[in-house]
4 protein chains.
Amino acid sequence: MSRPQKPIKSDIGWSTADRISIFGKDLPSEILGHMNLGDMGFLEITGRLPSPDESRMFNAMTVCLAEHGITPSAIAARMTYMGAPEAMQAAVAAGLCGLGSVFVGSTETCAKMLVEALPDPKAGVDLRALAAKTVAEFRAAKKIVPGVGHPIHKPVDPRTPRLFELAKETGFSGPYVELVQLISADAERASGKSLPINATGAIGAICCEMGFDWRICRGLGVMARAVGLVGHILEESRNPMAAEIWHRTEDEASKHLKPGQDHE
Amino acid sequence: MSRPQKPIKSDIGWSTADRISIFGKDLPSEILGHMNLGDMGFLEITGRLPSPDESRMFNAMTVCLAEHGITPSAIAARMTYMGAPEAMQAAVAAGLCGLGSVFVGSTETCAKMLVEALPDPKAGVDLRALAAKTVAEFRAAKKIVPGVGHPIHKPVDPRTPRLFELAKETGFSGPYVELVQLISADAERASGKSLPINATGAIGAICCEMGFDWRICRGLGVMARAVGLVGHILEESRNPMAAEIWHRTEDEASKHLKPGQDHE
Amino acid sequence: MSRPQKPIKSDIGWSTADRISIFGKDLPSEILGHMNLGDMGFLEITGRLPSPDESRMFNAMTVCLAEHGITPSAIAARMTYMGAPEAMQAAVAAGLCGLGSVFVGSTETCAKMLVEALPDPKAGVDLRALAAKTVAEFRAAKKIVPGVGHPIHKPVDPRTPRLFELAKETGFSGPYVELVQLISADAERASGKSLPINATGAIGAICCEMGFDWRICRGLGVMARAVGLVGHILEESRNPMAAEIWHRTEDEASKHLKPGQDHE
Amino acid sequence: MSRPQKPIKSDIGWSTADRISIFGKDLPSEILGHMNLGDMGFLEITGRLPSPDESRMFNAMTVCLAEHGITPSAIAARMTYMGAPEAMQAAVAAGLCGLGSVFVGSTETCAKMLVEALPDPKAGVDLRALAAKTVAEFRAAKKIVPGVGHPIHKPVDPRTPRLFELAKETGFSGPYVELVQLISADAERASGKSLPINATGAIGAICCEMGFDWRICRGLGVMARAVGLVGHILEESRNPMAAEIWHRTEDEASKHLKPGQDHE
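This section reports on the structure supplied with the text. Since the structure is predicted, the reported quantities are computational estimates derived from the model, not experimental observations. For every chain, the first residue of its written sequence is number 1, and the numbers climb from 1 along that sequence. All chains are assigned letters beginning with A, and all ligands numbers beginning with 1, in the order in which they are written. Totals for whole chains, interfaces and linings use every residue, but because this is a predicted model, local features are given only for residues with pLDDT of at least 70 and side-chain atom pairs only at 80 or more, for both listing and counting. Only heavy atoms go into the side-chain values, all of them from the structure, while hydrogens and water stay out.

To qualify as a helix, a DSSP run of H or I must reach at least 4 residues; to qualify as a strand, a run of E must reach at least 2; elements of each kind are numbered from the N terminus. Across its full length, chain A carries 12 helices and 3 strands. Seen through its principal axes, chain A has C-alpha atoms that stretch 70 × 65 × 50 Å. When a residue's accessible area, from a 1.4 Å probe over protein chains only, is under 20% of the maximum for its type it is buried; when over 50% it is exposed; and in between it is partly exposed. A burial count over chain A gives 62% of its 264 residues as buried. We get accessible surface area from the Shrake-Rupley algorithm with a probe of 1.4 Å; when it comes to residues, only the shown protein chains can shield them. When the accessible area of chain A is evaluated, it comes to approximately 9,900 Å², of which 53% is carbon and sulfur surface. In summary, the charge assignment counts Lys and Arg as positive and Asp and Glu as negative, without counting His or the chain termini. To locate a charge, take NZ of a lysine, CZ of an arginine, CG of an aspartate or CD of a glutamate. Seen as two clouds, the 28 positive and the 31 negative side-chain charges of chain A have centres 5 Å apart.

A helix's residues, less one, multiplied by 1.5 Å, set its expected span. Between the first and last C-alpha of helix α11 (residues 217–238) of chain D there are 33 Å, a value that for 22 residues agrees with the 32 Å anticipated at 1.5 Å per step. Within α11 of chain D, 20 of the 22 residues are buried, which leaves the element mostly enclosed by the surrounding structure.

Now for the relation of the copies chain A and chain B. Rotating chain A by 180° and moving it 0.0 Å along the rotation axis overlays it on chain B with an RMSD of 0.0 Å. On the angle and the small slide along the axis, the relation comes out as a two-fold axis. Looking at the rotation axis and the C-alpha trace of chain A, the residue lying nearest is A93 of chain A, at 2.1 Å. The overlap is high: 100% of the interface residues of chain A also sit at the interface in chain B, so the same surface is used on both sides. Copy-to-copy superposition: least squares on the C-alpha atoms, limited to residues that have pLDDT of at least 70 in both copies. Contact between two residues is taken to exist if any of their heavy atoms lie within 4.5 Å; hydrogens are not considered.

This part is about the packing of aromatic side chains. Residues and elements named next belong to chain A. Note on aromatic contacts: the rings of Phe and Tyr and the six-membered ring of Trp form a pair at centre separations within 6.5 Å, being stacked when their planes are under 30 degrees apart, edge-to-face when over 60 apart, and tilted otherwise. Under the definition given, this model contains 16 aromatic pairs over all chains. For the ring pair F42 and F58, a centre distance of 5.7 Å and an interplane angle of 90° mean the geometry is edge-to-face. On the criterion of sequence distance, the pair formed by F42 in helix α2 (residues 37–46) and F58 in helix α3 (residues 52–66) is long-range, its members being 16 residues apart. The exposure class of F58 is buried, given its relative accessible area of 0%.

With that settled, the discussion passes to the relation of the copies chain D and chain C. Taken as rigid bodies, chain D and chain C are interconverted by a rotation of 180° and an axial shift of 0.0 Å, the fit giving an RMSD of 0.0 Å. An overlap of 99% is found between the interface residues of chain D and their copies at the interface of chain C, pointing to a shared contact surface.

Taking 1.5 Å of rise per residue, 12 residues should cover 16 Å, and helix α8 (residues 159–170) of chain C covers 16 Å from first to last C-alpha, within 8% of that figure. Inspection of α8 of chain C places R159, T160, R162, L163, F164, L166, A167 and T170 of chain C among the buried residues, and these make up the whole buried set. Tucked into the core, α8 of chain C has its buried residues touching α3 (52–66), α9 (175–191) and α10 (199–209) of chain C together with β2 (20–22) and α1 (27–31) of chain D. In the segment just after α8 of chain C, G171 of chain C is the residue with positive phi, at about 85°.

Residue and element names in this part refer to chain B. A sheet is described by the order of its strands in space; here 3 strands give the open sequence β1-β2-β3, paired in antiparallel fashion. Each edge of the sheet is formed by a strand with only one pairing partner; in this case those strands are β1 (13–15) and β3 (25–26). Bridging between β1 and strand β2 (residues 20–22) involves 3 bridges; their strand directions are antiparallel. Residue pairing for β2: G13 is matched across the bridge by I22. A pair of strands is treated as paired once DSSP finds two or more bridges between them.

The subject of this paragraph is the pattern of salt bridges. Note on definitions: salt bridges are taken to be side-chain nitrogens of Lys or Arg within 4 Å of carboxyl oxygens of Asp or Glu. Scanning the entire structure with this criterion turns up 56 salt bridges over all chains. The residue R248 of chain A makes a salt bridge to E244 of chain A at a minimum N-O spacing of 2.9 Å. You can see R248 of chain A and its partner E244 of chain A sitting in helix α12 (residues 242–254), 4 residues apart, about one turn around the helix. We classify E244 of chain A as buried; its relative accessible area is 6%. A single salt-bridge network, built from bridges that share partners, covers E252 of chain A, E244, R248 and D251 of chain C together with R3 of chain D.

What follows is about the side chain of D157 of chain C. Residues and elements named next belong to chain C. Here D157 lies in the loop between α7 (127–140) and α8. Using a relative accessible area of 0% as the deciding quantity, one classes D157 as buried. In terms of polar contacts, D157 uses its side chain to reach the side chain of R159, at 2.8 Å. Polar contacts, as used here, are pairs of N or O atoms within 3.5 Å; protein pairs need one atom able to donate a hydrogen and one able to accept it. Residues neighboring in sequence count only if both atoms are side-chain atoms. A distance of 3.1 Å separates the side chain of D157 from the backbone nitrogen of A199, its partner in a polar contact. Other than its neighbours up to four places away in sequence, D157 contacts H150, P196, I197, N198 and A199.

With 86 residues of chain A in contact, the opposing surface of chain B contributes 86 residues. Note: buried area is the sum, over both parts, of the accessible area (probe 1.4 Å) each one loses when the two are combined. Taking both partners together, chain A and chain B bury about 7,300 Å²; carbon and sulfur atoms supply 66% of that area. Our count for the chain A to chain B interface comes out at 0 salt bridges. The tally of links from chain A across to chain B stands at 30 residue pairs in polar contact (both at pLDDT 80 or more). The set of elements that each furnish at least two residues to the side of chain A that touches chain B consists of β2 (20–22), α1 (27–31), α2, α3, α5 (88–97), α8 (159–170), α11 (217–238) and α12 of chain A.

Turning our attention to the sheet that holds strand β3 (residues 25–26) of chain D. On the basis of which strands lie adjacent, the open sheet formed by 3 strands has the order β1-β2-β3 (chain D) and antiparallel pairing. Either end of the sheet is taken by a strand with one partner, and the two such strands are β1 (13–15) and β3 of chain D.

Before going further, it helps to spend a moment on the packing of α5 of chain A against helix α5 (residues 88–97) of chain C. Packing of α5 of chain A against α5 of chain C brings their axes to within 9 Å, and their N-to-C directions diverge by 155°. In terms of orientation, α5 of chain A and α5 of chain C fall into the roughly antiparallel class. Between α5 of chain A and α5 of chain C the crossing geometry is left-handed. Together, A90, A94 and C97 of chain A of α5 of chain A and A90, A94 and C97 of chain C of α5 of chain C make up the contact between the two elements. Each residue receives one of three labels: charged for Asp, Glu, Lys and Arg, nonpolar for Ala, Val, Leu, Ile, Met, Phe, Trp, Tyr, Cys and Pro, and polar for the others, Gly being one of them. Here the contact of α5 of chain A with α5 of chain C is built from residues that sort into 6 nonpolar, no polar and no charged. The angle between two axes is taken between their N-to-C directions and runs from 0 to 180 degrees, where each axis is a line fitted to C-alpha atoms and a helix contributes only its stretch in contact. The scheme is simple: roughly parallel for angles under 35 degrees, roughly antiparallel for over 145, roughly perpendicular for 65 to 115, oblique for anything else. Crossing handedness follows the turn of the near helix against the far one: under a right angle anticlockwise gives a left-handed crossing, and clockwise gives a right-handed one.

Attention now moves to the interface of chain D and chain C. Contacts between the two partners involve 87 residues from chain D, matched on the other side by 86 residues from chain C. Where chain D abuts chain C, roughly 7,300 Å² becomes buried across the two surfaces, and 66% of that area is made up of carbon and sulfur atoms. The largest share of the area that chain D buries against chain C comes from L32, L37 and Q89 of chain D, three residues that together contribute 10% of it. At the boundary of chain D and chain C, one finds 4 salt bridges. In this structure, the salt-bridge partner of D251 of chain D is R3 of chain C, at a minimum N-O distance of 3.2 Å. Run the count over chain D and chain C and you get 33 residue pairs in polar contact (both at pLDDT 80 or more).

A separate point is unusual backbone geometry. Residue P155 of chain A is reached from K154 of chain A by a cis peptide bond, and omega for that bond is -5°. The backbone phi angle of K142 of chain C is positive, close to 55°, even though this residue is not glycine. Mapped onto the elements, K142 of chain C comes out in the loop between α7 and α8. Its relative accessible area of 78% is what places K142 of chain C among the exposed residues.

Below, the structure is given as structure tokens:
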């Protein structure tokens with residue numbers, strides 16, 4: 001082959017017979033027993049250990065994204081487990097596949113909106129004007145403003161004030177948190193609807209405060225939800241609901257087609 | 001339909017307009033800021049908050065399973081990300097799909113072996129004899145003893161002594177840890193090979209000490225690896241290797257078929 | 001590195017600037033327009049083109065496995081599509097993840113049972129005695145006889161007589177088809193229940209007649225169901241049911257936990 | 001609950017004890033033995049049986065998308081199979097997850113481009129001017145023109161003339177096929193590069209001719225590739241390459257980090 005080879009390189013880790021190193025830390029002596037699972041997520045995303053404040057904030061955000069009850073993701077995971085109980089990893093995988101633009105992806109689109117509106121958090125811009133301009137642009141493009149509004153949690157998403165309280169305590173309450181609050185208020189005014197900052201909006205803003213690339217924000221939700229889906233699969237194994245959902249759905253969905261049925 | 005309906009029930013959580021409850025805890029006030037992501041995993045698996053010792057041990061085990069460098073899982077995730085960068089959740093899902101019997105599943109098979117050998121950890125049985133019997137049974141069935149042996153980490157897997165040290169510190173070093181150590185020693189004697197307890201073996205034993213059902217042990221690896229795979233996808237987005245692996249593999253794999261090639 | 005390299009080799013295909021070859025056939029001139037999608041599946045599994053009889057039988061089997069209505073797989077795919085409509089491939093993937101031991105995997109376990117009972121189809125053994133022995137072994141091990149019994153299709157699965165009719169027409173009705181029929185009859189006698197050969201049982205037997213390795217039988221279901229799941233996703237995009245299933249399930253599942261609810 | 005229930009309805013099929021109906025056809029008597037797997041795909045997408053010409057063209061397109069040799073998808077599937085050989089459905093799923101915007105998704109983006117440029121194929125518009133305008137718009141937006149260009153197949157993708165020949169034979173060579181040809185020519189002129197219509201471009205155009213919604217075009221690739229991935233998993237089970245790719249990659253990727261290594 002005349003194709004020139006390019007190097008293959010990863011800076012994540014290495015191991016020899018008696019050593020394992022991850023992001024430059026000795027796994028047995030510097031990581032195990034010293035870090036929690038959220039810290040490990042922070043290390044994966046930043047390549048460095050979190051400070052105590054970063055640890056607290058990052059763990060709170062991922063914990064917040066881990067468990068949302070009976071979601072479409074949880075139902076997909078339970079349906080999959082029903083057919084392949086010997087492959088629970090595939091059930092978690094099936095549940096993760098749906099964390100796209102509609103649900104968890106909103107963390108990402110909110111962070112993107114904020115960082116594109118305010119590329120430099122230290123620039124002393126008028127945030128009120130910036131919020132108005134941002135909302136106006138989304139409305140002109142007939143796009144939903146990401147990170148605000150919730151079908152159930154109105155007029156306030158109860159997670160948001162707590163996340164912002166933690167952001168204040170840990171030093172991550174800055175211009176992005178302020179901006180998303182102004183955007184929510186402005187969107188409410190403009191639409192006449194209740195559009196509270198939802199949990200993914202709050203997390204998107206705090207991710208910006210922590211300096212994360214918006215492209216990785218969805219990753220927080222993906223890693224967190226894997227934790228929650230394991231819990232759903234465990235419950236499904238003990239007290240299943242998948243078969244009942246399946247039978248009810250199948251019965252109702254095809255009722256109008258079956259011969260000799262009362263078609264109400 | 002005459003099919004009688006069965007109830008659909010989940011005890012994981014509930015929410016109303018202003019409240020969110022998970023496993024009986026108020027999410028904003030009792031969970032956010034009070035628990036780390038590993039604790040959340042413990043809550044999902046046991047339905048209760050961990051003690052400080054449980055938290056430390058559980059986090060150490062999941063952290064240990066989160067990042068294993070360039071594994072087949074990581075390569076699958078990177079390949080998937082290359083084709084669908086807009087759906088990073090599907091890349092993590094693809095990486096998780098392979099956490100089956102060969103890799104992470106060994107935690108589960110080791111825990112199963114231990115708990116089937118010693119159903120009651122308080123029974124004062126002769127562990128030495130139990131280990132010998134267990135190894136003999138696996139050898140007679142020509143099955144690999146799970147949880148021992150490693151292709152690289154010889155004569156000791158450096159994670160194992162650290163995990164057992166933490167188990168001692170947190171009060172989870174009991175008969176199952178002793179049993180897996182005796183099994184490893186016995187398997188080495190019987191086979192004449194170096195068969196150190198590997199990390200999944202140590203974790204399988206400690207899961208038994210913590211009272212987890214062996215059926216959920218794979219879940220620790222699945223939730224943990226999702227964390228690590230997000231890191232691989234982030235690195236792939238910045239410093240990709242998937243295309244190079246692909247081109248090299250494709251070139252070499254079909255070289256013997258192509259017309260006009262030197263078939264070495 | 002001192003690790004010796006092993007060769008990487010695939011016999012599936014190759015391409016150059018102006019040619020593409022798959023299993024030794026020129027894709028443009030020998031495959032496109034000459035083969036249907038089922039024939040392509042046959043080529044993938046056997047490495048050769050099917051005869052007209054093989055083509056007819058293989059296509060009938062995969063068509064039979066493609067669409068089973070509102071299954072757990074279809075629900076998982078629809079739930080996933082709801083969250084990530086921009087990644088329909090991930091929705092199909094989620095649906096496939098559950099084709100394990102419980103559903104489509106039964107083709108595989110039935111073929112395995114038949115070929116282990118009768119390794120040489122030309123051996124002139126007493127099939128009646130073999131069936132009795134096989135059923136007795138499964139019953140002694142308290143295992144379900146694979147490939148027989150159906151929750152709805154009683155006393156006959158309407159697909160089975162048609163598949164066996166096609167097997168006769170195409171020359172694939174031999175000792176394995178006879179054996180599975182005897183096993184079904186014997187299992188019915190032994191259990192006192194209606195245990196007709198179901199579609200996966202018929203397909204497992206015909207796969208044995210066609211000389212397929214039982215390890216690949218699940219593959220017929222997996223490739224076929226991908227076809228059907230695309231149809232479900234298309235319908236979901238036009239006439240969705242996922243959100244309604246989700247909301248009903250969530251409401252009912254957490255009703256017993258919510259404060260101020262009537263707990264019937 | 002006060003939430004009003006919405007109906008759950010699917011028109012795909014129904015079954016009773018002795019009948020199975022799919023899209024209004026009796027499965028045993030009207031489908032099995034009468035349709036091939038590609039026809040089944042056509043039925044899923046259109047809700048009706050294909051004409052002989054439609055059957056020929058649809059099968060050719062899906063066959064063309066089924067097998068592309070050692071792709072990133074195939075590598076992901078093989079890596080997954082290595083870790084979980086007991087769950088081959090999850091390996092196919094992992095392979096499908098990457099059929100996103102970069103690879104198979106281009107069928108969809110090409111069809112979208114064509115149908116947005118020419119919403120009514122019967123409108124007697126100047127296709128030459130339309131092509132020039134379309135290419136100019138993509139270039140102005142600094143976007144890649146979808147469906148043209150190939151890293152290897154230059155100056156002609158050998159599948160394209162064959163697909164267009166079949167389109168002519170089956171009566172699906174109309175304004176969309178002409179338009180994509182004019183777009184390719186125009187893009188070549190504008191860029192000075194060789195930008196032949198690739199297979200996904202040809203298929204995108206023919207999908208438009210057949211009247212398919214561009215949103216479902218990716219589905220042809222997804223269903224087809226599932227067929228090909230089963231072949232890769234079968235080959236991997238017999239003549240594996242995943243472990244060797246893994247070891248080579250791991251060795252090279254971390255070489256620069258390991259102590260005592262020659263860092264070339």
